Amino acid sequence: MTLDFDSVQRVRARIAGAQQVASTRFRDAFAAGPLPPVAHLRIQAEALIESAVGVRLNGRIAYDVTVDVVTPYVERGRPIYPYFEVDRTPEAIFEYWLIISEIETSSSWKMTRVIATAEEYAAALGRMQSPQIVRALVASFLPDVDIRADGTATLEATVHARAGEERIERRTLLLDVMNELHFHGRELIAEGRGGVRG
């Protein structure tokens, strides 16, 4: 089932609102006294989950930091995914993917934007250096979710990724019954020269 643009915008608004709430909470906490190095991540995770519709967490997200690896957990040493409850609706699955991507805090995700319309695609192409279109015809940029009777689902979404190499691609992710998202594939739509290297 393809999400309509209004659904995408509602999810985007909730994510943006949660990030604003997290910023305010972090400023207030910082003003009150010293904070641990990952306090902003914990505060953001809480705000994202509070604002979500159809996504709940049994517990609280915390973070371990070793050198340059940041690992979220609810129970140390265990994956976070089984602690989530995700309604099996297209909008909730799409929102869950965005929330998990933010919680996992990868540097490549920070350089990635979801594309949902032809106008957003054109704007992304306009920002690319020497864009080369690999797939000229794209039926829809909107996210698409296929929910199966066994509780698994696939999510397809178009993204503009700028980490390492700059690409616009259609990604396919599999959501398993334990709520872990697995990268399944990608279809290149356009690529540019360059990107942001970390």
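Placed above this text is the structure.
One structure accompanies this document, and this report is about it. None of the values given here were measured: they were computed from a predicted structure.

Interhelical geometry of helix H2 (residues 39-51) versus helix H3 (residues 90-104) gives an angle of 175 degrees and a closest axis separation of 10 Å. By the angle class used here, H2 and H3 are roughly antiparallel. Contacts from Gln 44, Ala 45, Leu 48, Ile 49 and Ser 51 of H2 reach H3 at Glu 95, Ile 99, Glu 102 and Ile 103. Along the lines of polarity and charge, the residues of the contact of H2 with H3 split into 5 nonpolar, 2 polar and 2 charged.

Under the 1.5 Å per step criterion, the end-to-end length of helix H1 (residues 5-32) is 41 Å for 28 residues, consistent within 8% with the ideal 40 Å. Residues of H1 that are buried in the fold lie against H2 and H3. Gly 33 occupies a position one or two residues after H1 and carries a positive phi of about 155 degrees.

Take the pairing of strand E2 (residues 62-66) next. As judged from the 5 bridges shared by E2 and strand E3 (residues 69-73), these two strands associate in the antiparallel manner. Within the sheet, the bridge partner assigned to Tyr 63 lies in E3 and is Pro 72. The hairpin formed by E2 and E3 contains 2 residues between the paired strands, and Val 67 there has a positive phi angle of roughly 55 degrees.

Under the definition given, this model contains 15 salt bridges. Linking Glu 120 and Arg 12 is a salt bridge whose minimum nitrogen-to-oxygen distance equals 2.7 Å. With a gap of 108 residues between them, Glu 120 in helix H5 (residues 118-127) and Arg 12 in helix H1 connect regions that are remote in the sequence. Glu 120 sits in the partly exposed class, given a relative accessible area of 23%. Classification of Arg 12 by relative accessible area gives partly exposed; the value is 23%. For Glu 156, the salt bridge is made with Arg 170, and the minimal N-O distance between the two is 3.6 Å. You can see Glu 156 sitting in strand E8 (residues 153-161) and its partner Arg 170 sitting in strand E9 (residues 166-175), a full 14 residues away along the chain. Overall, the relative accessible area of 30% leaves Glu 156 in the partly exposed class. The class for Arg 170 is buried, based on a relative accessible area of 10%. The network of salt bridges with shared partners includes Glu 165, Arg 167, Glu 169, Arg 171 and Arg 186.

Before going further, it helps to spend a moment on the layout of surface pockets. By volume, the second largest pocket is sized at about 290 Å³. Taken together, Arg 12, Ile 15, Ala 16, Gln 19, Leu 98, Glu 102, Trp 109, Lys 110, Thr 112, Arg 113 and Val 114 form the lining of the second largest pocket. For the lining of the second largest pocket, the elements supplying multiple residues, two or more each, are H1, H3, helix H4 (107-110) and strand E5 (112-115). When residues of the lining of the second largest pocket are assigned to their parent elements, the largest contribution, 4 residues, is made by H1. Of the residues contributing to the lining of the second largest pocket, the split by class is 5 nonpolar, 2 polar and 4 charged.

With that settled, consider the packing of H1 against H3. Between H1 and H3, the shortest axis-to-axis distance is 10 Å and the interhelical angle comes to 35 degrees. Crossing angle aside, the handedness with which H1 passes H3 is right-handed. Between H1, through Ser 7, Val 8, Arg 10, Val 11, Arg 14, Ile 15 and Gln 19, and H3, the contact on the second element is made entirely by Glu 91, Phe 94, Glu 95, Leu 98, Ile 99 and Glu 102.

With respect to the element layout, Glu 102 can be found in helix H3. Here Glu 102 falls in the buried class, since its relative accessible area comes to 12%.

This paragraph deals with the side chain of Thr 172. With respect to the element layout, Thr 172 can be found in strand E9. Leave out the neighbours within four places in its chain, and Thr 172 touches Leu 155, Glu 156, His 182, Phe 183, His 184 and Gly 185.

So, on to the pairing of strand E10 (residues 181-192). Note: strand E6 (residues 132-133) against E10, 2 bridges, orientation antiparallel. Paired with Ile 133 across the bridge in E10 is Ala 190. Bridge analysis of E9 against E10 gives 10 bridges, and the strand direction is antiparallel. The residue bridging Leu 175 from the neighbouring strand is Leu 181, located in E10. What sits between E9 and E10 in their antiparallel hairpin is a turn of 5 residues, with Asn 179 showing a positive phi close to 70 degrees.

How each quantity is defined
- Residues numbered from 1 in each chain as written.
- Predicted model: local features only at pLDDT ≥ 70, side-chain atom pairs only at ≥ 80, totals over all residues.
- Heavy atoms only, no water.
- Axes fitted to C-alpha atoms, helices over the stretch in contact; angles between N-to-C directions.
- Helix = DSSP H or I, 4+ residues; strand = E, 2+ residues; numbered from the N terminus.
- Parallel < 35°, antiparallel > 145°, perpendicular 65-115°, else oblique.
- Contact = heavy atoms within 4.5 Å.
- Nonpolar A, V, L, I, M, F, W, Y, C, P; charged D, E, K, R; others polar.
- Expected span 1.5 Å × (residues − 1).
- Pairing = 2+ DSSP bridges.
- Salt bridge = Lys/Arg side-chain N within 4 Å of Asp/Glu carboxyl O.
- Buried < 20%, exposed > 50% of the residue type's maximum accessible area, 1.4 Å probe, protein only.
- 1 Å grid on protein atoms, 1.4 Å probe; cavity = no way out; pocket = protein on both sides within 12 Å on 5 of 7 lines; lining within 4 Å.
- Points joined across faces, edges and corners; volume = space filled by probe spheres on them.
- Left-handed = near helix turned anticlockwise from the far one by under 90°.

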